[in-house]
Each structure stands twice: as C-alpha cells, then as structure tokens.
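Coordinate inspection notes
One letter stands for each residue in the lines below.
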Amino acid sequence: MQKIKSLMTRQEEFRELRDQPSDPQAEQELINSIEQVYFSTDSFDIVKYELEKLPPVLNLQELEEYRDKLKQQQAAVSKKVADLILEKQPAYVKELERVTSLQTGLQLAAVICTNGRRHLNIAKEGFTQASLGLLANQRKRQLLIGLLKSLRTIKTLQRTDVRLSEMLEEEDYPGAIQLCLECQKAASTFKHYSCISELNSKLQDTLEQIEEQLDVALSKICKNFDINHYTKVQQAYRLLGKTQTAMDQLHMHFTQAIHNTVFQVVLGYVELCSGNTDTKFQKLQYKDLCTHVTPDSYIPCLADLCKALWEVMLSYYRTMEWHEKHDNEDTTSASEGSNMGTEETNFDRGYIKKKLEHGLTRIWQDVQLKVKTYLLGTDLSIFKYDDFIFVLDIISRLMQVGEEFCGSKSEVLQESIRKQSVNYFKNYHRTRLDELRMFLENETWELCPVKSNFSILQLHEFKFMEQSRSPSVSPSKQPASTSSKTVTLFEQYCSDGNPFEIQANHKDEETEDVLASNGYESDEQEKSAYQEYDSDSDVPEELKRDYVDEQTGDAPVKSVSRETLKSRKKSDYSLNKVNAPILTNTTLNVIRLVGKYMQMMNILKPIAFDVIHFMSQLFDYYLYAIYTFFGRNDSLESTGLGLSSSRLRTTLNRIQESLIAMEVSADPTATLTAAEERKEKVPSPHLSHLVVLTSGDTLYGLAERVVATESLVFLAEQFEFLQPHLDAVMPAVKKPFLQQFYSQTVSTASELRKPIYWIVAGKAIDYEQMLLLMANVKWDVKEIMSQHNIYVDALLKEFEQFNRRLNEVSKRVRIPLPVSNILWEHCIRLANRTIVEGYANVKKCSNEGRALMQLDFQQFLMKLEKLTDIRPIPDKEFVETYIKAYYLTENDMERWIKEHREYSTKQLTNLVNVCLGSHINKKARQKLLAAIDDIDRPKR
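Identification of the chain as Syndetin isoform X2 from Zalophus californianus is taken from an unreviewed UniProt entry.

The next thing to look at is the overall build of the chain. When helices and strands are tallied, the chain shows 36 helices and two strands. By sequence separation, contacts in the chain at least 24 residues apart represent 81% of the contacts at least 6 residues apart. Accessible area for the chain stands at about 53,000 Å²; split by element, carbon and sulfur atoms hold 52% of it.

Let us look at unusual backbone geometry. The step from R871 to P872 runs through a cis peptide bond, and the omega angle for that step is -10 degrees. Along the polypeptide, P872 turns up in the loop between α32 (847-867) and α33 (876-884). Its identity as a non-glycine residue notwithstanding, W445 has a phi of 60 degrees, on the positive side. Along the chain, W445 falls in the loop between α15 (411-442) and α16 (466-473). The buried category is assigned to W445, whose relative accessible area is 1%. Non-glycine residue L699 carries a positive phi angle of around 55 degrees. The topology assignment puts L699 in the loop between β2 (682-683) and α26 (702-729). Classification of L699 by relative accessible area gives buried; the value is 0%.

As a further point, take the pattern of salt bridges. In the structure shown here, the tally under the stated rule is 26 salt bridges. Between K307 and D304 there is a salt bridge, with the nearest N and O atoms lying 3.3 Å from each other. With K307 and D304 both in helix α12 (residues 295-336) and three residues apart, this pair spans about one turn of that helix. On the accessibility criterion, D304 (25% relative accessible area) is partly exposed. With its nearest N and O atoms 3.4 Å apart, the salt bridge here joins E415 to R418. Of this pair, E415 and R418 both sit in helix α15, three residues apart, roughly one helical turn. Overall, the relative accessible area of 28% leaves R418 in the partly exposed class. Through salt bridges with shared partners, a single network forms among E825, R829, R833 and D875.

Relative orientation of the contacting elements helix α22 (residues 608-631) and helix α27 (residues 735-744) amounts to 15 degrees, with a least axis distance of 11 Å. Between α22 and α27, the angle is such that the two are roughly parallel. The way α22 lies across α27 gives a crossing that is left-handed. The residues of α27 that touch α22, namely those facing F609, I612, H613, S616, F619 and D620, are F737, L738 and F741.

Within the secondary structure, T587 is located in helix α21 (residues 585-603). Along the sequence, T587 and L440 sit 147 residues apart, while their C-alpha atoms lie 9.5 Å from each other. In this structure, T587 is in contact with Y622, S711 and L715, ignoring residues within four places of it in sequence.

Now for the packing of helix α14 (residues 385-406) against α15. At a minimum axis separation of 12 Å, α14 and α15 run at an interaxial angle of 165 degrees. Relative to α15, α14 is oriented roughly antiparallel. In this structure, α14 meets α15 at a crossing whose hand is left-handed. For the pair α14 and α15, contact is made by Y385, F388, L392, I395, L398 and M399 and by L413, Q414, I417, Q420, S421, Y424 and Y428, respectively. Of the residues contributing to the contact of α14 with α15, the split by class is ten nonpolar, three polar and no charged.

Along the chain, the position of A246 falls in helix α10 (residues 243-274). A relative accessible area of 1% places A246 in the buried class. Put simply, A246 and V233 are 13 residues apart on the chain and 9.1 Å apart in space, counted from C-alpha to C-alpha. Discounting chain neighbours no more than four positions away, the residues touching A246 are L218 and Y237.

So, how was this worked out
- Residues numbered from 1 in each chain as written.
- Predicted model: local features only at pLDDT ≥ 70, side-chain atom pairs only at ≥ 80, totals over all residues.
- Heavy atoms only, no water.
- Helix = DSSP H or I, 4+ residues; strand = E, 2+ residues; numbered from the N terminus.
- Contact = heavy atoms within 4.5 Å.
- Areas by Shrake-Rupley, 256 points an atom, 1.4 Å probe, with all protein chains shown as cover.
- Buried < 20%, exposed > 50% of the residue type's maximum accessible area, 1.4 Å probe, protein only.
- Salt bridge = Lys/Arg side-chain N within 4 Å of Asp/Glu carboxyl O.
- Axes fitted to C-alpha atoms, helices over the stretch in contact; angles between N-to-C directions.
- Parallel < 35°, antiparallel > 145°, perpendicular 65-115°, else oblique.
- Left-handed = near helix turned anticlockwise from the far one by under 90°.
- Nonpolar A, V, L, I, M, F, W, Y, C, P; charged D, E, K, R; others polar.

Following this line, the structure appears as structure tokens:
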C-alpha cells in the first residue's frame, strides 16, 4: 500500500508539471539539445561526466548559465515523462485492479489446498492394506496367464521343423516359406527368452535350406516344364521377395541345362559305339567328344541332340507364356484392388520381361554353338546323299525353330552347315561328274520309253516342289490356305510330340509311274485314233508345230480332235507312237541329279550359288558330250553356212576351257594351282563303240543322233521350267551368272541340231555322183530342149531313198517336226549348192543351155515339193539367181557380182568365162575378173 501511495504522489507531481503552460515546439528543441550520452545505460555517472567537462578556469556566470540550461532540459524531460505517464494512466489503473483480483484468488486457492490435504489424510487413514494386496494378486495372475500363452507358443515353435520337412517333401514351397516367416515373426516377439534366440537361428538355417531346395526345383523347369510346379516355385520366390534373383538363377540353369544335355547325349552315343563305359570319355571336353561320334551313329545322335535341345527351348517358351499370362492377371487384379506396392510390382514385372526377352537370344546362341561344334566334329563328305540331306533337313528344322523362338536368322548354324555342305557337295559333284562321263561313254542312245504325260515333277527327287506349286495348280484352294493362320512348331508341339522325331513311315511310298509299256501307250482311244489317219488330208499350217510341251503334265492325245491326229502324219515321222518326250537313261539320271541338287539348295539357301554352278556344269558337260559325239566336224565351218552360231562356238570353247581336262604331258614344273584346276575338270567323254555312225542304211546313226540331240533339247526345256525356282533362291549379286547361263548356254541347246543333222544330210545323198552326172551333160545346145536331164531323176531318187530311210528310222524313234525340217532343209540346201557347183563347172553354155538348166531345176522343184512340206524351198533363189545372171550385161553383171558375195570365187569366175563371146568381150571379162578378185582379197 505504501508503494501505491508513493506512485500516486508522483502522479500528482507529474500532473502539476503537465498543467504548467508550455510551448511543445520549444520543449522538443530542448530535449533534442540534450547530449546523446545522457540516454545511455543506467550505470552512466552524470555528476562525474559534468565535473570532467568543467574547464580549468571556472567562470561563475558561465556555470550558472549552463546550470540553468540543464535545469530547463531536466524540466522538459520530466514534463515529457509526465505526459506519457498520464496518457497510460487508464491502462495502469486497470492492470492494478487485475493484480488486486489475482491476490484475492490466490488467497482462496490457499484455503482449498488446505482443505484437500485434510481430506487426503482422512482417505489415507481409511484405505486398508488388504485391498492393496488383492490388487497385487490380480496383477500377478494376469502376468502368469500371459506367460502360459507364451510358453504354449514357444512349444509350437519348437515343433515347426517337423511340419516344415513334411511340406518340403510335398513340394509345398509357398506354404513352407509362409510358415517359416510366421515362425520368425513370432520368434522375434519372444526374443527376450534365451531358448528363442537358439530357435531363431535354427529357423534362419531352415529358410536357407528351403531356398536351396527351391533352386533345385527351379532347375527342373529347364527340361520338363510343369505349370503347377512352376507356379509354386514363383509364389515361393515372391514370398521371399526374390523374384528378380529367381529369374537370374533360372537363366543360369537354362544355360547349364543346355551344356549338360548335349554332353550327356553325345557321351551316351560315344560310349555305346566304343563298347565300353570307360571314364576317359567323361573327362573330355564337349568339342573333343564330338569327334568320337561314328558315322553310323551320327544322324541318330544329331536327332536326339536336337530333340533334347527342343525340350529345353520349349520349356523356356512355356515359361515365357506363363509369365505373360500371369502378368495380365496381375495387371487386372491391381487395377481392381488397391495401388499399394504397385510400383515395386511393376518394376519386378518389367525386369522379368526384359530378362526373358534377352534370354531368348542368349539361349538360342548357346544352342547354335553346341550344334555347330557337333556338326564340325565329323567329316560329312563320306555320307550318302540321302543321309546328308537328312542332316540338312534336321538343321533346317532347327533353324526354323530358331526363327520362331527369337526371330534369329541362325548365322552361326548357317555358316557351319554351309562349310560342311560346300565341302560335301564338291566331293559329291565330282563323283557325279565322273559317273555322268561313265554313263555317257556307255550310253547307246536308245530311247527311254516314258509316258506322254511325263513331267519331272513325277520323279521322287522333285516331290519337294509340289507343295510350292499347289496354289497355282489349284487356285480355288488358294484363298483358304492363305486365310488360315500358320501354326508355329511351338504351338503344334507344345503339349505333345517333338519336331525332330525320326519317322520312317514319312518316306514317300508312292512309286514313280513315268515309264510306258514298251514305249507304247495302251490307251484304246489312241489306238483307234491312229487308225483313222488319212494320207490325203490337207495339213493346216498352224498345226505344223513341235510335240506337245511336257511341262504342262497333260496327256494331249486324250482330248485332241481327229484333225489334229491326222495332221501328225506330216508333222512327225512316227505314226505309231504318241508325242512322248525323247530322252535317254542318262538324261533321266541328269534330271534326277538336278532334283537332288535342288533339294539341297532348297534346304540350305546360303549355298544356292555353289549348287546352281554345279547344276550348270552337269548341263555343260552333257551339251559338250553331245557335240563331241555327234556334231564335231571341222569341215562344217568351211562351208560358210553359219551352221554353228558365234554364241554356240563361244559356249563350247568356254566349256572346254573351264570343265574339260585336256590330255597334257606330265609337267613337273606345273604349279599347285594348275593341279587343283585339273582336279576340278573332267576328261572329255568318248562315244561308245556300240554306237555306229557310219552306216548309210541307218542314215549314219540318225536314230541315235535324234535321241541324243532331242534329249539335250528336252533337258534344256526342263532347265527353263526350273529357272523361276532357281532365280528365287539365287543371291541378288550372283543373278547375272544365272542369267548368262540361260542366255548363253541353255538357249543354245536347240542350235546343236544344225551341225549334228548337217553331217547326216551331207552323207545321206551322193552329191559327188550328181556332179559327175552333171559334168556329162552338154550345155551348148542350139535348140530349146523339152526333156530334163537324167541327173535330176538321179537326184530325186536319192531324195526318195532318203525319205524311205527317214521313215524306217521313225519306226524306231519319233522324229519331231523341227528335226525333219532341219534334215530336209540341210539336204535341199546341199543339193541346190551342188547344182550351182555343177553349173559352175560348165565350160561352154548357150542361151538354150541356160534354159535347159532352168528346166532341170524347175523339174527338181516340182517333184521335191511332193516329198516335203518345207516352204519356201531353201536356197531356191540361190540357184535361180545364178542361172539368170548369165543374161546380164557387162555393167549389170559387175554390180551383181558386188552384191552377191554368197557365191564362191570359182563360181563367179566361171560365170564370167562362160559369158565370154556371147555378150561379154575380153576387156569386160578382165574388168569383171578384177572385180571378183577385189571381193576375194579380204577373204584371203
């Protein structure tokens, strides 16, 4: 209260100060004039400060003035403070009242606390010791109940190892892991018990044991995938939170499975073939082990190898299918349920997907390397063709598996099988060429009787092409085949079977029905049709064509009209045989070889160029043999008739240089390269001594020549038929070779007809006898003759005899229209040139003699046209132009000589000499002879 009173007294003082009249501006200036030091901390000593400021010499007046100033400043500060206090007085009073109220409340609280302490003392005295004891016992009871429960749990935990063992035996891995994890969780709850710490370590060991068994179970998936088994394993790994680890382990197991599988398969065959179970083979590397496989067991071992590898790849394929299916299910359930843990699950799923996709290539690469090692471990060049094709077929199927498995082009396998194939094929082809030479040297060129509808597709060797041709054969079935989805090998053999099973019953059991009975068709319709030939019927021009194309595979006779059958009297010389292809046993063997080559090429396209090159050599050698046997005649080129085209000559020279081994003396200095080249070549074949080409009765082996030449033409047609198939498999960079082969070689086959049949034509008619008869004729007659000369009749008799012999030959061999046309053309051309040569031998000739020449030639033409259908008559103008040149004047003859260079120098010289004296003088003769000499000079 004393403090309050003092405060109030001071307030009164402040109020008095405030009530004094003042100038606020002056007061503020006074306050501002106060030194700053006066506003510093409370510890500031004002008196000391002022005393120190006094000057050494004191002036009373100055001191009083300074004192008054300080008093004014103090009065201004005091007044300012008083103003501020009075402004805050209401708040101060209010706060003072609150302090008074608080003091009253504290006094009341002291009374309440006193009363509370008194009541607590009364309750303490009234609370007995028995009540507290009861509560303590109840608490102890609760603790004991909890302890009993814990002991029972501990007892259960002690017995879990028995149940875990049972579950592992039942392969219930998810249940075992779930139980083990629950036990670990429970054990962590009771870890304060000493017995539990030992149990916890035991459970950890059990969990590791389960993981080991789980890894073993995972490895079993690699060889025999079981959905239920794999589902359990994956669930178990998911519970462990090790799905990524499981995937890494799975790929390791697949790699190990491939290695173990191939080793065991090859080891089994090696031990079986060696006849003992010596452990030395087990210590060998896989690469060395493959070299011990015998040729007899090579194919079964390869098949078993591929079957075992197929099982591994199929397991991997089904593993991927399982994951795809379960990923979709998990995605669906995740979208319907909560999103908790979705990110982690998606990460695992993405990792597994990438790992599986990457594993495809890795596993296929391992498979390729293992099979490559096996393939290169044995020399396949000693294998039979069918066995080698079987090996190629297995590898081709394996490459198809690889393409479906991971989209691989199997470069490793292709390269290894290409090496083996090229090596095998070189040896095989060399042997086949030697066989072909032997066949050609023993060939008697007899007709091989085949049916009229013969097609190379009927041969076993070309059966593989039927499937590729089926859409074009049956267009109505094509949409159905293209619309149906192609079934992959994995889909086809997913549940059962194996694409590498060796099934003997798959071999083609069909027999080849290509040979005719004794060369004749037995169809009654054909027999009756041939009986209705009419020798006087006219032949429509459009029906004069070659025999029906064999490539169509149709039987032409069964649907032809009577007119067509009648027309064959003049089209072909064979009236009792249908238009069956003309070929020999050797031709058929070459065609079969081509089929085998194409089989290999179809299975293994990387060696297509090598195969096609070897196929071309077969055709080259056959063509060269036909030319050597029947067409080689140095006198042909001297005729100047262009019988052999420059293309044919170029082709024959190329074949001789590249394929034919010419007989050369042994040269010790010959290089190794030359020796290798000779090894690639084949000796030139020699015609069989059984083939006689010198008998006039057989038209100098015409039947054999026809069979040989037309078989070559037939072979060329088959090559033309196969061109699209060869072009489809030929590498783009090598296609020019194929195009050149067809344009330069295959297309020249028919050109061999001219030189071969020219030899027959040159011997079939006695042209020398005709020249002798013509020499005996007197041409300087003075009157026009009405009777032709005897040499014409003699020549026509020769042609009639030639026609009869031709008919005799046609009873043995059908002579196609192009052949008969070429024969007649050659004979007529030779006859006409012989006539011109005979006229060129005439020493003297009158105008009437020239008229007689024309009469003779017209008689010859008239009779000849009845014997042959060829129109126009070959070289008709050659004779007529020469006869008419006799009547030309000097200037016309000079121009005529320069324009007609087809005549020989002798013929032109004789023409000029005969004309001398009639209408050409000696001077003109010299001029004309000089012109002839100018023409002849470039020829020399």
